[in-house]
Amino acid sequence: MTRAPAATAPEIIEARRGAATAAIIALAGQAALAVVDSRSIGWSALVAARLGHVGIAAIALALLWLRPPSIRAAEVSFALAVIPFQLVLLVSELEFYARGDVRDHGSWYQLTMLGIATLAPADPMLPAFLVVMLGVQRVLLRFLLGVVPLAPGEPWLTLIFAVVAVGMLVSRARRREFVANAARVAAHAAALERVARLLLLVRDRANSPLQTVALGAAIVKRRCPDQQRVAAAMDRAVHRLRKLSKALQRASRSFERAPL
Amino acid sequence: MPRILICDDDPDIAEVMGEFFQDHGIDSVITHSFDEVVAHRPEALSCSLAILDVNLGFGQPSGVDVFRWLQREQFAGTVVFLTGHAVTSAILEGARMLGVPILSKPIEGETLLRLASAEASA
């Protein structure tokens, strides 16, 4: 089993930004709509549902603020902010249906789907599931409960929006993956380059002392005939260091050419 | 036998190289910087071979500067550069463009003697 690579800081920032935007939109939007609905249709289950959503969105924001930054925390906050839309839309449709009033819910479904597709933090699975469930809800209300949508072509138009939204989610997930891979490749290349430069630096710094030792050994060999064993040992040591120096150079070149 | 100008900012290398040549009956002029070469102008110009370290220290005139000075002073001998640096540097690139042989440290004693004897027979 392979572990997913750790998220980079820009990935976490982008995920948190999406979750925070979704939570703020849910909080401010539902608060405004609660005021509008309480004035237009009075205190109702719909207004209560909207206020409940405001509370949950506030919790989502607080979690995002209080928990250590991570993709997981952003996904949890996003789910908390977005899932209640389904319930609120359901209550709204039933409320208006029961009252015999007219409200175009189709555009609300579509807006919610596109909002989810645009702001979903990372893993597209849950957001895609939510989008599909919104579409299913629309179809079930139409064909099981007989809630007839106002706009012609519904609920099929909303289902088309659902397909588009899922496509956007998949496309964003692929792009995120591509960007993350590119960032990882760039970091890997930079690390290899640092190693190559370090190897070359070690080699360069070793060359001058090695030159001194090599010539010193030649002098000992010439001046001290009784020290031939010592001189030979120094020669061998210089030879080994020379080989090491060449190996370091080869290694640094191979790092520079290493496939990424 | 030829006289050899050695210019290397590493005093150990310069001294040991001088001793090495002395053991083989070759006189040398040991310097560690551009200024020292200029200060020893008559001795430097009397040499038939100049072994110049390419990099003579950060912020200091390089072996390339010494080479150009020798050219200006009508140096009649041969010049070779010696470098311990494999990393491409501006100075090393400059030395390559001059068409002067560049030898990498550590250089064998036999190679030094071959260079010296080539000058002696020239």
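Residues numbered from 1 in each chain as written. Chains lettered and ligands numbered in written order. Predicted model: local features only at pLDDT ≥ 70, side-chain atom pairs only at ≥ 80, totals over all residues.

Caption draft 1: The overall build of chain B, seen in detail. Helices and strands together make up the secondary structure of chain B, namely six helices and five strands. Each helix (α) and strand (β) of chain B, taken in turn from the N terminus, gives the series β-α-β-α-α-β-α-β-α-β-α. Contacts in chain B between residues at least 24 apart in sequence constitute 61% of all its contacts with a sequence separation of at least 6. (Helix = DSSP H or I, 4+ residues; strand = E, 2+ residues; numbered from the N terminus. Contact = placed C-beta atoms within 7 Å.)

Caption draft 2: Representation of the interface of chain B and chain A in the model. Each side of the interface is counted separately: chain B has 16 residues, and chain A has 17 residues. Of all the elements, helix α1 (residues 11–23) of chain B adds the most residues to the side of chain B that touches chain A, at seven residues.

Caption draft 3: Up close: the pairing of strand β3 (residues 49–53) of chain B. Residue and element names in this part refer to chain B. Counting buried positions over the five residues of β3 gives five, a clear majority of the element. In terms of strand pairing, strand β1 (residues 3–7) meets β3 through four bridges, oriented parallel. Its bridge partner being in β3, I6 is matched across the sheet by I51. Relative to strand β4 (residues 78–83), β3 runs parallel, the two sharing five bridges. Looking across to β4, one finds that I51 is bridged to V80. (Buried ≥ 20, exposed ≤ 12 C-beta atoms within 10 Å, placed from the backbone. Pairing = 2+ DSSP bridges.)

Caption draft 4: Quick look at unusual backbone geometry. Here the bond from A:E154 into A:P155 is cis, since omega is 5°, no more than 30 degrees from zero. In this model, B:K105 is joined to B:P106 through a cis peptide bond whose omega is 0°. With a phi angle near 60°, B:Q74 is a residue other than glycine that sits in the positive phi range. Tracing the backbone through its elements, the reader meets B:Q74 in the loop between α4 (63–72) and β4. On the basis of neighbour count, B:Q74 is assigned to the exposed category, with 7 C-beta atoms found within 10 Å.

Caption draft 5: Main features of the pairing of β1(B). Residues and elements named next belong to chain B. The element β1 is extensively covered by neighbouring structure, given that four of its five residues are classed as buried. Judged from the five bridges that link them, β1 and strand β2 (residues 27–31) form a sheet pairing that is parallel. By the bridge assignment, R3 is partnered in β2 with D27. The parallel pair β1 and β2 is bridged by α1, and the resulting crossover is right-handed. (Right-handed = clockwise from strand over helix to strand, strands pointing away.)

Caption draft 6: Inspection of helix α3 (residues 71–99) of chain A at higher detail. The end-to-end C-alpha distance of α3(A), which contains 29 residues, comes to 43 Å, matching closely the 42 Å that a straight helix rising 1.5 Å per residue would cover. A:G100 occupies a position one or two residues after α3(A) and carries a positive phi of about 80°. (Expected span 1.5 Å × (residues − 1).)

Caption draft 7: The nonpolar core, seen in detail. By size, the foremost hydrophobic cluster in this structure holds 43 residues, and its most contacted members are A:A19, A:A23, A:A81, A:M113, A:I116, A:V131 and A:A165. Secondary-structure elements contributing two or more residues to this core are α1 (9–40), α2 (45–66), α3, α4 (106–119), α5 (125–143) and α6 (156–223) of chain A. Setting aside residues up to four positions removed in sequence, A:I116 forms contacts with A:V82, A:P127, A:L130, A:V131 and A:A165. By size, the runner-up hydrophobic cluster in this structure holds 39 residues, among which are A:A217, B:C7, B:L52 and B:L82. (Core = buried A, V, L, I, M, F, W, Y, C linked by C-beta atoms within 7 Å.)

Function cannot be inferred from these measures alone, as they are strictly geometric.
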